[in-house]
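Structure assessment
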Amino acid sequence: MSIGEAAVPSTGVSLTIHDVAAQLGHLRWLELELFRALGGAVTATTDARSKLAASVESRHAGERAEALAVVIPFIEGLTADDRTRCHEHDAAAVASAVAGTGAESRVAEARRALRPLIRAAYESILAGTGPVADAPVRRVLVAGLAGVDQDVNPC
């Protein structure tokens, strides 16, 4: 059993390649939204500690989004825009998370609203992928999930 297998056991339900592409694209979109929300707050705040924390976490979200871009399957007829899209039901949560009035409230709301969505997306995809056929995808997902946990509990 490899790293991450015990923490997120497979449900035995295998996702199709189209499902994997759609879910990875949505997860990438969530990571990019967290990157955007936290990155925007960096320039809007004057507190050095807050600026540094938001900057580091924003960079991590951007790095995870770029790692996901590499493993999203290329499917004929699926455009680059189709490969990174939001699920309708998450759009409202994201919109409210980035609409805060002050930089600190935007950062707090983005973390509160987006982190659980991101974590759930990682876990859902891991549960629907197999350790052999989907090994490259799972490596990125396990590392990404660990990164989300590290940003939540930095010490």
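None of the values given here were measured: they were computed from a predicted structure.

Focus: the overall build of the protein chain
In terms of regular secondary structure, the protein chain is built from five helices and zero strands. Along the protein chain, helices (α) and strands (β) appear in the sequence α-α-α-α-α when read from the amino end. When the accessible area of the protein chain is evaluated, it comes to approximately 8,300 Å², of which 60% is carbon and sulfur surface.

Digging into the environment of Arg 85
Among the structural elements, Arg 85 can be located in the loop between helix H2 (48-71) and helix H3 (88-97). By relative accessible area, which is 45% here, Arg 85 ends up partly exposed.

Thoughts on the side chain of Thr 129
Here Thr 129 shows up in the loop between helix H4 (103-128) and helix H5 (135-152). Reaching out from Thr 129, the side chain makes a polar contact with the backbone oxygen of Leu 126 at a distance of 3.3 Å.

Focus on the pattern of salt bridges
Counted by the stated rule, this structure contains eight salt bridges. Notably, a salt bridge pairs Arg 64 with Glu 31, separated by 2.7 Å at the nearest N-O pair. Here Arg 64 is found in helix H2, whereas its partner Glu 31 is found in helix H1 (residues 17-44), with 33 residues between them in sequence. Like Glu 31, Arg 64 is buried. Between Glu 33 and Arg 36 there is a salt bridge, and its shortest N-O distance comes to 2.5 Å. Of this pair, Glu 33 and Arg 36 both sit in helix H1, three residues apart, roughly one helical turn. Salt bridges linked by common partners bring Glu 57, Arg 111 and Arg 115 together as one network.

Considerations on the packing of H1 against H2
At a minimum axis separation of 8 Å, H1 and H2 run at an interaxial angle of 155°. With respect to H2, the axis of H1 lies roughly antiparallel. H1 and H2 meet at a crossing whose hand is left-handed. The residue inventory of the contact of H1 with H2, partitioned by class, reads 13 nonpolar, five polar and six charged.

Details of the nonpolar core
One broad trend across soluble globular proteins is that nonpolar side chains are buried collectively. Grouped together as the largest cluster of nonpolar side chains are 32 residues, with contacts concentrated most on Leu 24, Leu 27, Ile 118, Tyr 122 and Leu 141. Residue assignment for this core shows that the elements contributing at least two residues are H1, H2, H4 and H5. Ranked by residues supplied to this core, first place goes to H1 with 11 residues. If sequence neighbours within four positions are ignored, Ile 118 has contacts with Leu 27, Leu 30, Glu 31, Leu 34 and Val 148.

Looking at the confidence of the model for the protein chain
Of all residues in the protein chain, 81% attain a pLDDT of 70 or more, and the chain-wide mean is 79. Per-residue pLDDT stays below 50 along residues 1-10; that stretch engages in 13 contacts with residues further than four places along the chain or on separate chains.

Quick word on the side chain of Glu 33
Glu 33 sits in the buried class, given a relative accessible area of 12%. A polar atom in the side chain of Glu 33 sits 2.5 Å from the side chain of Arg 36. The contact partners of Glu 33, leaving out residues within four places of it in the chain, are Val 94 and Leu 114.

What counts as what
- Residues numbered from 1 in each chain as written.
- Predicted model: local features only at pLDDT ≥ 70, side-chain atom pairs only at ≥ 80, totals over all residues.
- Heavy atoms only, no water.
- Helix = DSSP H or I, 4+ residues; strand = E, 2+ residues; numbered from the N terminus.
- Areas by Shrake-Rupley, 256 points an atom, 1.4 Å probe, with all protein chains shown as cover.
- Buried < 20%, exposed > 50% of the residue type's maximum accessible area, 1.4 Å probe, protein only.
- Polar contact = N/O pair within 3.5 Å; in protein donor to acceptor, adjacent residues only side chain to side chain.
- Salt bridge = Lys/Arg side-chain N within 4 Å of Asp/Glu carboxyl O.
- Axes fitted to C-alpha atoms, helices over the stretch in contact; angles between N-to-C directions.
- Parallel < 35°, antiparallel > 145°, perpendicular 65-115°, else oblique.
- Left-handed = near helix turned anticlockwise from the far one by under 90°.
- Nonpolar A, V, L, I, M, F, W, Y, C, P; charged D, E, K, R; others polar.
- Core = buried A, V, L, I, M, F, W, Y, C linked by side-chain atoms within 4.5 Å.
- Contact = heavy atoms within 4.5 Å.
- pLDDT = per-residue confidence, 0-100.

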